[in-house]
Amino acid sequence: MARVVRHKDMNWLERLYIFEACRGLWTTLKHAARGLFRYEQLPTISYPEGQPEIWNSYRAKHRLMLRPDGTPRCVACGMCAAACPAKCIFIEATQSDDPRIEKRVMRFDIDHLTCVFCGLCAEACPVDALRMDTKVVSFEHRTREEFVASLYDLTSWDPKDYPDDALSQEAPGGTRNAEARKIWGMEVK
């Protein structure tokens, strides 16, 4: 059923539109004067020096989670590459040395020039190996090849950057690494 919205009729001053245009210009001049004379009150950030606040749930640059021994958690199932609408993830698998794990990743590349940062790859991962919580949203390189993040780029992150994440703290250098290595049955150094 259609709903009819009745607008109130304009009076003769509003029908001239000159007063409405002057009111809009007054608002514009007010904001311009605030920018000129009270600059410190503007809600802006001096960008290269000051970085904006980015939430943990924001889909930023990718990272691969690590096991307690430092190897990637990725089991090379290919579900992230299958879920990717931009087809920017390239995976090569190899046989794993660990008898508990069937496959391990040998090559894992993400082309950030074609990635749309939708997050479907991180949601499709069955072992929570791929995450997009690095808070890196602005990155530049000189060549196109440098925009392709390799396995080394995706696994070179510091557990100190993720103090509230228990899984990140189980990686080498994390606060729970020794405890996780005992649970996994690895020798503790």
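Residues numbered from 1 in each chain as written. Predicted model: local features only at pLDDT ≥ 70, side-chain atom pairs only at ≥ 80, totals over all residues. Heavy atoms only, no water.

Participant: Teacher, can you tell me more about empty space enclosed by the protein here?
Facilitator: To locate leftover empty space, one rolls a probe as large as a water molecule over the atoms. Scanning the model with the defined rule gives 2 cavities of 30 Å³ or more in all. Counted by class, the lining of the largest cavity contains 14 nonpolar, 1 polar and no charged residues. When its volume is computed, the second largest cavity comes out at roughly 50 Å³. Residue lining of the second largest cavity: His62, Cys84, Cys88, Ile89, Cys115, Val116, Phe117, Cys118, Gly119 and Cys121, and that is the complete set. (1 Å grid on protein atoms, 1.4 Å probe; cavity = no way out; pocket = protein on both sides within 12 Å on 5 of 7 lines; lining within 4 Å. Points joined across faces, edges and corners; volume = space filled by probe spheres on them. Nonpolar A, V, L, I, M, F, W, Y, C, P; charged D, E, K, R; others polar.)

Participant: Teacher, can you tell me more about the side chain of Arg67 here?
Facilitator: Structurally, the position occupied by Arg67 is in the loop between β1 (63-64) and α3 (79-83). Asp69 is the oppositely charged side chain nearest to the buried, salt-bridge-free Arg67, at an N-O distance of 5.7 Å. At 3.3 Å, the side chain of Arg67 forms a polar contact with the backbone oxygen of Arg73. Residues contacting Arg67, with those up to four places away along its chain left out, are Pro72, Arg73, Cys74, Val75, Ile101, Glu170, Ala171, Pro172 and Trp184. (Helix = DSSP H or I, 4+ residues; strand = E, 2+ residues; numbered from the N terminus. Buried < 20%, exposed > 50% of the residue type's maximum accessible area, 1.4 Å probe, protein only. Lys, Arg positive; Asp, Glu negative; His and termini not counted. Salt bridge = Lys/Arg side-chain N within 4 Å of Asp/Glu carboxyl O. Polar contact = N/O pair within 3.5 Å; in protein donor to acceptor, adjacent residues only side chain to side chain. Contact = heavy atoms within 4.5 Å.)

Participant: Explain the nonpolar core here, please?
Facilitator: Side chains that are nonpolar tend, in soluble globular proteins, to be buried together. Counting residues in each nonpolar core, the largest one holds 19 residues, and the members touching the most others are Leu64, Ile89, Phe108, Ile110 and Leu130. Within the residue set of this core, elements represented by two or more residues are β3 (103-111) and α5 (151-155). If near-sequence neighbours (up to four positions away) are discounted, Ile110 is found in contact with His62, Cys88, Ile89, Leu130, Phe147, Val148, Ala149 and Leu154. In this structure, Met65, Tyr162, Leu167 and Ala171 belong to the second largest nonpolar core, which totals 6 residues. (Core = buried A, V, L, I, M, F, W, Y, C linked by side-chain atoms within 4.5 Å.)

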